[in-house]
Amino acid sequence: MTDTDGVRRFYDDFADDYERIYADWAASSRRQAQALEAFLPDGGFVLDCAAGIGTQLLGLAALGHRVVGTDLSAVALRRAAARDPGPGVAAADMRRLPFPEAAFDAVVCADNALPHLLTAADVRQALAEMLRVVTPGGVVIVTTRDYDELRRTRPAATPVGVHRDAHGVTAGFQLWTWHPDGERYDLDHLTITGAAGEWHTRARYSTYWAITREELGDLAAGAGLADVRWLLPAQSAFPQPLLLARRPARPR
């Protein structure tokens, strides 16, 4: 069962440090937006339904796209709005989006946000909501970690990432504890920050479903999305595998 309150607390607590998981957050935001832009309709209205601190949202806005962002974490959204108050933001669960039908030309759910949903029913509900709020013929984009490979190798930890800025150094990594089902894992995200021999450690915890591309593709089709296909980073230039789908066009 998905722990919605736990996910919200994870990102509320992480909001002030989130950009430090990148060596250069601003550069990564630009690169990710440029990769996503290739799949978005020209001049379209885009919803980022896992906006967080704005990594994709603000990158797309900087490229001139009309964008709106939602996220479980109002704290993270405040960080996004502080950087750029232009895009509208609202706290919302992606399984219950607060918009009328066909309000957007595209919906983006990036950066491994969907796998916080731990059951097929929850994932299908979120995908059905993305379909509902996008126009007929509109685009839905979801990106996740490469769980096909990670389910095979079941790593115990991620490599250490290092961010340096005027405030010092942040080193971050994740410890993964796999559940007996081999599909879900508990994540402890550890960050060590400081300078000149004075270091501080923070730990944050969440659970993910390591959903494979086939599983997610089947759930997308089951939710009513059409033309479902996957693009790997070498094909899309986005750093994670990217699911691309459409809401079926209205019959003539």
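This text gives an overview of the structure that appears in the document. (Residues numbered from 1 in each chain as written. Predicted model: local features only at pLDDT ≥ 70, side-chain atom pairs only at ≥ 80, totals over all residues. Heavy atoms only, no water.)

Some details on the nonpolar core
The biggest cluster of nonpolar side chains holds 40 residues, and the ones touching the most others in it are Ile141, Tyr185 and Leu242. If sequence neighbours within four positions are ignored, Leu242 has contacts with Leu36, Phe39, Ile141, Val142, Thr143, Arg229, Trp230, Leu231 and Ser236. Counting 32 residues, the second largest nonpolar core, distinct from the first, contains Met94, Leu117, Ala220 and Ala223. (Core = buried A, V, L, I, M, F, W, Y, C linked by side-chain atoms within 4.5 Å. Buried < 20%, exposed > 50% of the residue type's maximum accessible area, 1.4 Å probe, protein only. Contact = heavy atoms within 4.5 Å.)

Looking at the sheet that holds strand E5 (residues 134–143)
Backbone hydrogen bonds are what pair the strands of a sheet, in a parallel or an antiparallel way. Taking strand neighbours across the sheet as the criterion, the 7 strands line up as E3-E2-E1-E4-E5-E11-E10 in an open arrangement whose pairing is mixed. With one partner strand each, in any of the chains shown, strand E3 (88–91) and strand E10 (226–231) form the two edges of the open sheet. In this sheet, adjacent strand axes meet at a mean angle of 15° when their direction is disregarded. Pairing of strand E2 (residues 66–71) with E3, which is carried by 4 bridges, proceeds in the parallel orientation. (Pairing = 2+ DSSP bridges. Helix = DSSP H or I, 4+ residues; strand = E, 2+ residues; numbered from the N terminus. Axes fitted to C-alpha atoms, helices over the stretch in contact; angles between N-to-C directions.)

Focus: helix H3 (residues 55–62)
Helical periodicity: at 3.6 residues per turn, an α-helix aligns residues three or four positions apart in one direction. Of all 8 residues that make up H3, 7 are buried, and the element is covered over most of its length. When we look at burial in H3, the residues that qualify are Thr55, Gln56, Leu57, Leu58, Gly59, Leu60 and Ala61. Along its buried surface, H3 packs onto helix H2 (25–37), strand E1 (45–48), E2, helix H4 (74–83) and E3. Once H3 finishes, Gly64 follows within two positions and takes phi at roughly 100°, a positive value.

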